[in-house]
Amino acid sequence: MTAWNVFRILGDCSHLLSKCILIFAIHRNRSAEGVSMITQAFYAIVFCTRYTDFFTETSSWNYFFKLFYILSSFYIIIIMRWLYPRTREKEISWKLGAVVLMGSLFISPFTMLIFENRWGFLTWMYDFSLILESVCVLPQLLLLRQTNVPTVIDSFYLLTLGSYRAFYILNWILRELDVNDRPPNPVSVIFGIIQTALYIDFFWVYYTRQRVKLRAGGIVDADDIRRGWLLNRIFGHRRFQAVETEDEESAPALGGSNGISSQPRRSKWGSRGISISADDGVHEHEQRRGDHDDFDDNPVDPDAKMKDPDELARALDDDDDDDEGLPTSGAGTSSRPEPNKNTNGVSNGSEWRDS
């Protein structure tokens, strides 16, 4: 068995293993949190447009892998859509997915005209699948950057998914050096290198990430992405920076206290990745207490300071009891004053007059 066959087999097995790891992780955790639906849909499109010769395939090895890639891609989409909960991706992720898809469609005809000897619809679809696969992982990386909850994506899945193209590159190098073998497709080589470069850059970001800072479940964040050469140039754009806000679910439903919208929250992490979130509540409480102390100089009704509803109810009951103990006029007496008696208690001097 020649060397290039070994690298090709390793590449195929690595790709198959990545699919198995993802499916097993979703079923084990009973959740698809952190898995990009956009990326998985792109993989289904890639395999359907690339393996157009599925029904005419004669090799049992190729037939098995083509069938597995197509079925596994649609199976992941089905369990993410109807079986297990998944992360709802933000609008910026869908915009990125639209750019990736439309860009691949736009570039593929020109790529076919430049690098391919035969032109046709099937050749165009094959080149389109190679271009789309090289960048379809971008929505997944963007979701990992935005997610701060435990996900089913782990390093084993990313390692096996990215290494299969690296094995293919070694296969292409040996095929190019062998004069008796068929040279590799230039489109596969160019965009295979781009795909491998994205994974290598992400692996560097993942390896050097702030592990203490990410103990809440996230894999990478914006500060870690800035360490990458390619990813920083893609996700460092101001449009991606504009979505560095909290989700609506994590914000108060009716704004801040007293109907006033809350101010932007400070970062929960210090300069060295040390959590300072425990001090935030203390500082905010002291600030609010200082604002209320400005009104303590004026006399305030004690009932207005009561925050406990039970305490206020007991105070109202005591006031009712005091009112019941006061002397009241009899039922048969009239409430009108006597004619010779002043209502204010001051006499008019009639007792000194002669009768």
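Parameters and conventions
- Residues numbered from 1 in each chain as written.
- Predicted model: local features only at pLDDT ≥ 70, side-chain atom pairs only at ≥ 80, totals over all residues.
- Heavy atoms only, no water.
- Phe/Tyr/Trp six-rings, centres within 6.5 Å; stacked < 30°, edge-to-face > 60°.
- Helix = DSSP H or I, 4+ residues; strand = E, 2+ residues; numbered from the N terminus.
- Buried < 20%, exposed > 50% of the residue type's maximum accessible area, 1.4 Å probe, protein only.
- Lys NZ or Arg CZ within 6 Å of the ring centre and 35° of its normal.
- Salt bridge = Lys/Arg side-chain N within 4 Å of Asp/Glu carboxyl O.

**Some thoughts on the packing of aromatic side chains**
Part 1: Evaluation of the coordinates by the stated rule reveals 15 aromatic pairs.
Part 2: The interplanar angle of 20° and the centroid separation of 5.2 Å between the aromatic rings of Phe-47 and Tyr-69 together place this pair among those described as stacked. Of this pair, Phe-47 sits in helix α2 (residues 37–50) while Tyr-69 sits in helix α3 (residues 60–83), placing them 22 residues apart in sequence.
Part 3: Residue classification places Tyr-69 among the buried residues on the basis of a relative accessible area of 2%.
Part 4: Following the ring pairs from residue to residue traces out a cluster consisting of Tyr-43, Phe-47, Tyr-51, Trp-61, Phe-64, Phe-65, Phe-68 and Tyr-69.
Part 5: Just above the ring of Tyr-43 sits the side chain of Lys-19; from NZ or CZ to the centre is 4.8 Å.

**Considering the pattern of salt bridges**
Part 1: By the definition in use, this model includes six salt bridges.
Part 2: In this structure, Arg-8 and Asp-12 form a salt bridge, with 3.9 Å as the shortest nitrogen-oxygen distance. With Arg-8 and Asp-12 both in helix α1 (residues 3–29) and four residues apart, the pair spans about one turn of that helix.
Part 3: The exposure class of Asp-12 is buried, given its relative accessible area of 5%.
Part 4: One salt bridge in this structure joins Lys-66 and Glu-57, with 2.6 Å as the shortest N-O distance.
Part 5: The structure contains a network of salt bridges with shared partners spanning Arg-50, Glu-133 and Arg-165.

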